[in-house]
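Take a look at the letters that make up each chain.
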Amino acid sequence: MSQRTLHALFKPNSVAIIGASNGKNRAGNVVMRNLLSGGFSGPIMPVTPKYNAVMGVLAYPSIDALPLKPDLAIVCTAAIRVPQIIERLAQFGCKTAIINASGMATQTDDEGNNLLLLTQQHAKRYGMRLLGPNSLGMMLPNLGLNASLAHTSALPGKIAFVSQSAAICTTVLDWANNKGIGFSSFISLGDATDIDFDELLDYLGRDSRTTAILLYVDSINEKRHFLSAARAAARNKPILVIKSGRSLEGNTAARLHTGGIGGNDAVYEAAFRRAGMLRVNDLVELFAAVETLAHSTPLQGERLAILTNGGGPAVLALDQLILGGGKAAVLDSESINALDEILPNTWSGQNPVDIGGDADAERYTKCLDILMKADIADAILVLHSPSALGCGIEIADSIASLIATHPQRNRVNVLTNWSGEDSAYRARKLFNKAGIPTYRTPEGAVGAFMHMVEYRRNQKLLQEVPQSIPDNIPTDALLARKLLTEALSKNKKVLETHESSAILKAYGLNTIETHFSNNAEQAAEIADRIGYPVALKVQSPDIHYKSDVQGVVLNLSSGSEVLQAANAIINRVHSINESATIEGMIVQKMALTAGAQEIRVAVMNDPVFGPAILLGEGGSEWNPTTDAAVALPPLNMTLARYMVIQALKTHKLKDRHLPLGLNMNALCVMLTQISHLIIDCPEIAALDLNPVLCAGEQITLLDVNIQLQECPADNANRLAICPYPKELEQRATLKNGLEIMLRPILPEDEPKHLAFDNSLSDEDRYKRYFGVRSKMTHEEMAVLTQIDYAREMAFIATAKAEDGDDITLGAIRASIDPDNTEAEFAMAVRSDHQGLGLGKLLLEKLIAYYKTNDTQVLTGFTMFENRNMASLAKSLGFSVTFDMEEHLIKMDMQLKPD
């Protein structure tokens, strides 16, 4: 849906209240009271046939009687009346409506029509947008707009809060007002049947008045839109999310609350992390995070110094820091010497800096000044415990005054904790008023700091340049798809072990030598042929876990042992289930396990986010939510490494330091190849590799289970994250006979793309960037190469250099608005490869792509000096106009007829 239609929601010039009332505690009365008290400058128009005026404001008996078309309407009536009201509002020309009524999804009108569906149909017919139903409303404090049922108004600020829960809204609002923390937007989504998280994230991510975004999520409806919007917004500002439903029971309650689809909590966690968001687990953490975001600047590093008048609280803070993976600042000799001149001989001499229980305001401020001036810490936590020898209020006031004028205040974040209640309350209020983060406990302060650290680490990791998979690893998607199609044609839902092994081998994954036998005698023959020792496994559709019937026998060293083991397994199966079908036996060559470690890898199909990859310890008892690290495909080597690090950090995977054991590179290659398999093969519903034997660089999949499904009808949106569009790769030949590859850009291209950018002549750089431009930084290059294929596209042209390595010759990219209305392109070609037709090939490819993408308009700008670019565009059908005032040439192409 269009971002332009949200303009009336965020910048309304007039508001109508349908169902306005003078009755106390009626929804229409509360909304009117809030609108009038907020200071909104536009017309406020109550609509009700019951009153001539509502709260002193002239009322209108019907929508048709309104003197002008309202930009925003708040519908405060019973659910049964909402469809008719929305239809009339839309016909009248109202652009946006907030619906307070609940229960619409389960109610029908007299003709049996579902109220919610009927309302949506009316709104869609006329292009009207809806917030809700079951919405508390929204507040835009900077506009003085309080169009909500909340008990109080929000203060103006720079944090946006979006919640599916009205109760969480009012709780956060009450706390924030007490702390003096304000908001740029405060929005209750309700059931989110129209306007949803993704559109709001797109809007708020571009909103200059918003510096951070907070989300309370019960469930997600549009996985790809949500993650795409979140990823784009998180690159520019922090996004914190609190997600309910971490337990099975809580998940069920969350689904009932919003009517959304329940998903696995571990998969939600992985999705948030992949998008660059930071998850907090509860309201206490959320409040601490809001405190930090409201009053701090982005971290320049991770070093924390602690300044305290008491040893105990400082030790608690240091424990929390180190156990949470944080870094304690180390004092340099210059700082120690400066502190020696101020502090008693008994001071700690290290971080934490314990300045004594008798520390007064002067001692505190002098020490803090030293720490802020020294380049040893990126943040300083100031602790104070109640003392009769130093007035907490005076100390707080002095510290606030120092920070307000300190030249390093924008480089070093200062956090405070004044412990206690009665004696500390006034000091904490003073810090609130001064805009300095303050917390009730040392642990809470450190926890808030670590949220900032985790956000910073996550953003840096998502910008890392991925390592490429070794070229000698084969990938044969056509073979894998052929084998899967054949299995489905035989109505198979679960592949046999040897069939699964063949598919995994097509992706360069090493499986144990596996053969299927129809009976015990054939099993012995196979064992003789492949060599001993072997493992024998029963193959039966009636046996879910082979361990239930001791259906796996290991280390068989002769044909007679194989015969004996096979007959014993058959007898055990039939003793438990006489009617059980035994299809045969699996014979496998035994792997050498000495010094190796067993792990488990699986792929599950989450109802919200689709396929997800799981990594953890081996074993039959496995709960994905608690026992595995989770990541969403597609994975590259960097994302796979991040997954392994997360698994080790959270102890889902244990490095047992065996002689061979875990090898990071080998693990990442395996996980990346499994990701490719899942992307290429939509017929795979689930995959379980248990155990996987890790012996250093050698990884062997010992037992494989693949479950099948018919190829999903909506296969294009099967994955939560749009994978690399390999189908867009194209070979071409330049005028000089040089063979090139045109393809979408990859994160792995960053080093070569930087070399390409640096290869441009000064003149070409001037034309490309509309002025003199310094060399690109890594962060800037990451933005250009790590693109979201769901909402942007960049094509590069590569050719083989003399050493056989790829070299980038040209690039074209287009950024598109969230409405998919207009894409703006920019292009550059290496100076030594111009005039060979490369620019034309790139621009033609981009035009074809956006035509297929149903984009309406493709535009571009170039300088007057770049007439060749304008001539090329004109030859391909662009209309070219000259802006004499801006000294620019504008190029436009209508991709879709009006």
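Before reading on, note that the structure itself is shown above.
Residues numbered from 1 in each chain as written. Predicted model: local features only at pLDDT ≥ 70, side-chain atom pairs only at ≥ 80, totals over all residues. Heavy atoms only, no water.

### Concerning the side chain of Asp196
Part 1 of the reasoning: Here Asp196 shows up in the loop between strand E11 (183–188) and helix H6 (197–206).
Part 2 of the reasoning: Buried and unpaired, Asp196 has Arg129 as its nearest opposite-charge partner, separated by 9.0 Å.
Part 3 of the reasoning: Polar side-chain contacts of Asp196 include one of 3.1 Å to the side chain of Asn221. (Helix = DSSP H or I, 4+ residues; strand = E, 2+ residues; numbered from the N terminus. Buried < 20%, exposed > 50% of the residue type's maximum accessible area, 1.4 Å probe, protein only. Lys, Arg positive; Asp, Glu negative; His and termini not counted. Salt bridge = Lys/Arg side-chain N within 4 Å of Asp/Glu carboxyl O. Polar contact = N/O pair within 3.5 Å; in protein donor to acceptor, adjacent residues only side chain to side chain.)

### What about unusual backbone geometry?
Excluding glycine, a negative phi dihedral is what most residues carry, and trans is how most peptide bonds are arranged.
Part 1 of the reasoning: Look at the link from Gly132 to Pro133: it is a cis peptide, with omega at 0°.
Part 2 of the reasoning: Position of Pro133 relative to the elements: it lies in the loop between strand E7 (129–131) and strand E8 (137–140).
Part 3 of the reasoning: In this chain, Asn351 is followed by Pro352 through a cis amide linkage whose omega measures 5°.
Part 4 of the reasoning: By the secondary structure assignment, Pro352 is in the loop between helix H12 (333–340) and strand E17 (353–354).
Part 5 of the reasoning: The phi torsion at Asn134 lies on the positive side, around 65°, for a residue other than glycine.
Part 6 of the reasoning: Note that Asn134 resides in the loop between E7 and E8.
Part 7 of the reasoning: Asn134 gets classed as partly exposed once you look at its relative accessible area, which sits at 26%.
Part 8 of the reasoning: Even without being a glycine, Gln550 presents a positive backbone phi close to 50°.
Part 9 of the reasoning: Within the secondary structure, Gln550 sits in the loop between strand E22 (534–539) and strand E23 (552–556).

### A few points about the packing of helix H5 (residues 166–179) against helix H10 (residues 283–295)
Part 1 of the reasoning: Interaxial distance between H5 and H10 falls to 11 Å at its minimum, and their mutual angle equals 45°. One way to sum up the angle between H5 and H10 is to call them oblique. Regarding H5 and H10, the two cross each other, and that crossing is right-handed. For the pair H5 and H10, the contacting residues are Ile168, Thr171, Val172, Trp175 and Lys179 in the first and Leu283, Leu286, Phe287, Val290 and Glu291 in the second.
Part 2 of the reasoning: The residue inventory of the contact of H5 with H10, partitioned by class, reads seven nonpolar, one polar and two charged. (Axes fitted to C-alpha atoms, helices over the stretch in contact; angles between N-to-C directions. Parallel < 35°, antiparallel > 145°, perpendicular 65-115°, else oblique. Left-handed = near helix turned anticlockwise from the far one by under 90°. Contact = heavy atoms within 4.5 Å. Nonpolar A, V, L, I, M, F, W, Y, C, P; charged D, E, K, R; others polar.)

### Observations regarding the sheet that holds strand E2 (residues 44–47)
In a beta sheet, neighbouring strands are held together by backbone hydrogen bonds and run either parallel or antiparallel to one another.
Part 1 of the reasoning: Here five strands make up an open sheet; going across it, the order is E2-E1-E5-E6-E7 and the pairing parallel. Each edge of the open sheet carries a strand with a single partner, namely E2 and E7. Averaged over all pairs of adjacent strands, the angle between strand axes in this sheet comes to 20°, irrespective of strand direction.
Part 2 of the reasoning: Relative to strand E5 (residues 72–75), strand E1 (residues 15–18) runs parallel, the two being bridged by four bridges. Residue pairing for E5: Ala16 is matched across the bridge by Ala73.
Part 3 of the reasoning: Packing of helix H2 (residues 27–38) onto the sheet brings it into contact with E1, E2 and E5, and relative to E1 it is tilted by some 160°. (Pairing = 2+ DSSP bridges.)

### Describing the pairing of strand E26 (residues 610–617)
Here is the key point about a regular strand: its side chains alternate between the two faces of the sheet.
Part 1 of the reasoning: Of all eight residues that make up E26, eight are buried, and the element is covered over most of its length.
Part 2 of the reasoning: Here strand E25 (residues 597–606) pairs with E26 via eight bridges, running antiparallel. Counted as the bridge partner of Asp606 is Gly610 from E26.
Part 3 of the reasoning: As paired strands, E26 and strand E27 (residues 628–631) are joined by four bridges and run antiparallel to one another. By the bridge assignment, Ile613 is partnered in E27 with Ala631.

### Topic: the pairing of strand E9 (residues 145–148)
Part 1 of the reasoning: Along E9, one buried face is formed by Leu145 and Ala147 and the opposite face, lined by Asn146 and Ser148, is buried too.
Part 2 of the reasoning: Here four bridges tie E8 to E9, and the two strands are oriented antiparallel to one another. For Gly137, the partnering residue across the bridge sits in E9 and is Ser148.
Part 3 of the reasoning: As consecutive antiparallel partners, E8 and E9 are separated by four residues, and within that stretch Gly144 has a phi angle of approximately 70°, a positive value.

### Some remarks on the side chain of Ser244
Part 1 of the reasoning: Checked against the element boundaries, Ser244 lands in the loop between strand E13 (239–243) and helix H8 (248–258).
Part 2 of the reasoning: On the basis of relative accessible area, Ser244 is assigned to the buried category, the value being 17%.
Part 3 of the reasoning: A distance of 2.4 Å separates the side chain of Ser244 from the side chain of Asp218, its partner in a polar contact.

### Overview of helix H28 (residues 867–875)
Part 1 of the reasoning: Along H28, the positions that sit buried rather than exposed are Met869, Ala870, Leu872 and Ala873. Projected down its long axis, H28 shows its buried positions confined to an angular sector of 160°, all on one face. Seen from the open side of H28, the exposed residues pointing more than 90 degrees away from its buried face are Asn868, Lys874 and Ser875.
Part 2 of the reasoning: As for H28, its buried residues are in contact with strand E35 (822–829), helix H27 (838–852), strand E36 (857–863), strand E37 (879–883) and strand E38 (888–894).
Part 3 of the reasoning: Just downstream of H28 lies Gly877, where phi reads positive at about 105°. (Arc of directions from axis to C-beta.)

### Notes on the pattern of salt bridges
Part 1 of the reasoning: Counted under the stated rule, the structure contains 37 salt bridges.
Part 2 of the reasoning: Across the pair Asp207 and Arg209 runs a salt bridge whose closest N-O atoms are separated by 3.7 Å.
Part 3 of the reasoning: The shortest N-O distance in the salt bridge between Glu454 and Lys649 comes to 3.2 Å. Taken together, the positions of Glu454 in helix H16 (residues 442–462) and Lys649 in helix H22 (residues 637–649) put the pair 195 residues apart, joining distant regions of the chain.
Part 4 of the reasoning: Under the relative-accessibility criterion, Glu454 is labelled partly exposed at 23%.
Part 5 of the reasoning: A relative accessible area of 43% places Lys649 in the partly exposed class.
Part 6 of the reasoning: Several salt bridges share partner residues, and in doing so they unite Glu302, Lys327, Glu454, Arg456, Arg457 and Lys649 into one network.

### Focus: the environment of Ala317
Part 1 of the reasoning: Tracing the backbone through its elements, the reader meets Ala317 in helix H11 (residues 311–323).
Part 2 of the reasoning: A relative accessible area of 0% places Ala317 in the buried class.
Part 3 of the reasoning: Through-space distance from the C-alpha of Ala317 to that of Gly447 is 9.1 Å; in sequence the pair is 130 residues apart.
Part 4 of the reasoning: Not counting residues within four places of it along the chain, the set of residues in contact with Ala317 comprises Ile306, Leu381, Leu383, Pro442 and Val446.

### What to know about the packing of aromatic side chains
Part 1 of the reasoning: Here the structure, examined in full by the defined rule, presents 15 aromatic pairs.
Part 2 of the reasoning: On the basis of an interplanar angle of 75° and a centroid distance of 6.0 Å, the ring pair of Tyr724 and Tyr789 is categorised as edge-to-face. Here Tyr789 lies in the loop between helix H26 (778–785) and strand E33 (792–800) and Tyr724 lies in the loop between strand E30 (704–708) and strand E31 (730–733), a separation of 65 residues in the sequence.
Part 3 of the reasoning: The class for Tyr724 is partly exposed, based on a relative accessible area of 21%.
Part 4 of the reasoning: Positioned above the aromatic ring of Tyr268, the side-chain terminus of Lys243 is 4.4 Å from the ring centre. (Phe/Tyr/Trp six-rings, centres within 6.5 Å; stacked < 30°, edge-to-face > 60°. Lys NZ or Arg CZ within 6 Å of the ring centre and 35° of its normal.)

Remember that the coordinates give geometry; whether it matters functionally is a separate question.
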